[in-house]
Structures are given as structure tokens and as C-alpha cells.
Amino acid sequence: MHEAMERIEAVLNEKVRPALRAHGGEIQVDHLEEGVLYVKLLGQCAGCPSADLTNETLVEAELVKALPEVVSKVVVVQTVSDELWEQAKRLLRDHHL
């Protein structure tokens, strides 16, 4: 598994990250499970309306092309920061919703 993750990171560094960084974004690998790579899009890419298209046409396309024996699909994990969760909880408590 360690070797697979190193190979994935190499493809991301060479083919994916430069394009994402050009738009103020970043990508982080969450985990690999049975050929499905779970990633988090960060920076300007997080929550971007084009995130699904970016994942499909850039991230997944490059990884599947370079490592078909390792990655068959890439899924974006949606995350919310701890700070945002705390703000939401405060709002709900304050307004008794």
C-alpha cells in the first residue's frame, strides 16, 4: 500500500497539483480502498462549482491513465472545517432551531 501511495503522490505532483495550484487550489489524498482513491480538494478548489468536472477531467483522468492497476475511480470527500461546525452549532443553539 505504501508503494501505491507514493506512486499516486508522484502523479499528483507531476500532473495534477500544478494545474490546481495555478487556480489557488490543492489536493490531499484521504485514503485508497479497493481501487477507489478518496481525495479532498482544498483552497479555491474546495466547494468550487467546477470541482466535480476538475475531478473527472483532471484528477481521475490522470491517475487512471498513469496507474490503472492501482486507481479505477477518484471520489472527492466533502469536508467541513471544525470552525464552521462550531459556528453552525452556536447558531442552532442560539436560535433554538
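Definitions and cut-offs
Residues numbered from 1 in each chain as written. Predicted model: local features only at pLDDT ≥ 70, side-chain atom pairs only at ≥ 80, totals over all residues. Heavy atoms only, no water. Helix = DSSP H or I, 4+ residues; strand = E, 2+ residues; numbered from the N terminus. Bend = angle between axes of the 7 residues up to and from the residue. Buried < 20%, exposed > 50% of the residue type's maximum accessible area, 1.4 Å probe, protein only. Contact = heavy atoms within 4.5 Å. Pairing = 2+ DSSP bridges. Axes fitted to C-alpha atoms, helices over the stretch in contact; angles between N-to-C directions. Core = buried A, V, L, I, M, F, W, Y, C linked by side-chain atoms within 4.5 Å. Polar contact = N/O pair within 3.5 Å; in protein donor to acceptor, adjacent residues only side chain to side chain.

Enquirer: What is the right way to look at the environment of Leu-63 in this model?
Expert: Considering the arrangement of structural elements, one finds Leu-63 in helix H2 (residues 51-66). Between the C-alpha atoms of Leu-63 and Val-16, which are 47 residues apart in sequence, the distance is 8.9 Å.

Enquirer: Please clarify how helix H1 (residues 2-21) should be interpreted in this entry.
Expert: Each α-helix turn comprises 3.6 residues. Residues three or four places apart therefore point the same way. Along its length, H1 reaches its greatest deviation from straightness, about 50°, at Asn-13. Considered for burial, the residues of H1 that qualify are Ala-4, Ile-8, Val-11, Leu-12, Val-16, Arg-17 and Leu-20. Those residues of H1 that are buried are in contact with strand S1 (25-33), strand S2 (36-43) and H2.

Enquirer: Help me understand the pairing of S2, please; the structure alone is not making it clear to me.
Expert: For a regular strand, side-chain orientation follows a simple rule: the groups alternate between the two sheet faces. For S1 and S2, the ladder comprises eight bridges, and the chain directions are antiparallel. Residue pairing across strands places Leu-32 opposite Leu-37, the latter belonging to S2. Remark: two residues form the turn of the hairpin made by S1 and S2, two consecutive strands paired antiparallel; Glu-34 in that turn has positive phi of roughly 50°.

Enquirer: I'm lost on the sheet that holds S2 in this one. Help?
Expert: Neighbouring strands of a sheet are bound in pairs by backbone hydrogen bonds; such pairs are parallel or else antiparallel. The three strands are arranged S1-S2-S3 in an open sheet whose pairing can be described as mixed. The sheet terminates laterally at S1 and strand S3 (73-76), the two strands that pair on one side only. Between one strand axis and the next, the sheet turns through 30° on average, direction left out of account. In this fold H1 packs onto S1 and S2, with an angle of close to 155° to the strand it touches most, S1. In this fold H2 packs onto S1, S2 and S3, with an angle of close to 145° to the strand it touches most, S3.

Enquirer: Sorry, what's going on with the side chain of Glu-62 here?
Expert: The topology assignment puts Glu-62 in helix H2. Once residues within four sequence positions are removed from consideration, Glu-62 is found in contact with Val-11, Lys-15 and Val-16.

Enquirer: Just checking my understanding: could you explain the nonpolar core for this structure?
Expert: A general tendency of soluble globular proteins is for nonpolar side chains to be buried together. Formed by 22 residues in total, the largest nonpolar core has its most connected members in Ile-8, Leu-37 and Leu-63. Elements represented by at least two residues in this core include exactly H1, S1, S2, H2 and S3. The residues contacting Leu-63, other than those within four sequence positions of it, are Ile-8, Val-11, Leu-12, Leu-37, Pro-68, Val-71 and Val-74.

Enquirer: Just checking my understanding: could you explain the environment of Leu-91 for this structure?
Expert: If you trace the backbone, Leu-91 turns up in helix H3 (residues 82-95). Between the alpha carbons of Leu-91 and Gly-24 there is a distance of 30 Å; along the sequence they are 67 residues apart.

Enquirer: In this structure, what is going on with the side chain of Arg-17? I would like to understand it.
Expert: By secondary structure assignment, the location of Arg-17 is in helix H1. Arg-17 gets classed as buried once you look at its relative accessible area, which sits at 7%. Polar side-chain contacts of Arg-17 include one of 2.8 Å to the side chain of Glu-26. Only 3.0 Å separates the side chain of Arg-17 from the backbone oxygen of Ile-27, close enough to count as a polar contact. Beyond its immediate stretch of four places on either side in the chain, Arg-17 contacts Glu-9, Leu-12, Glu-26 and Ile-27.

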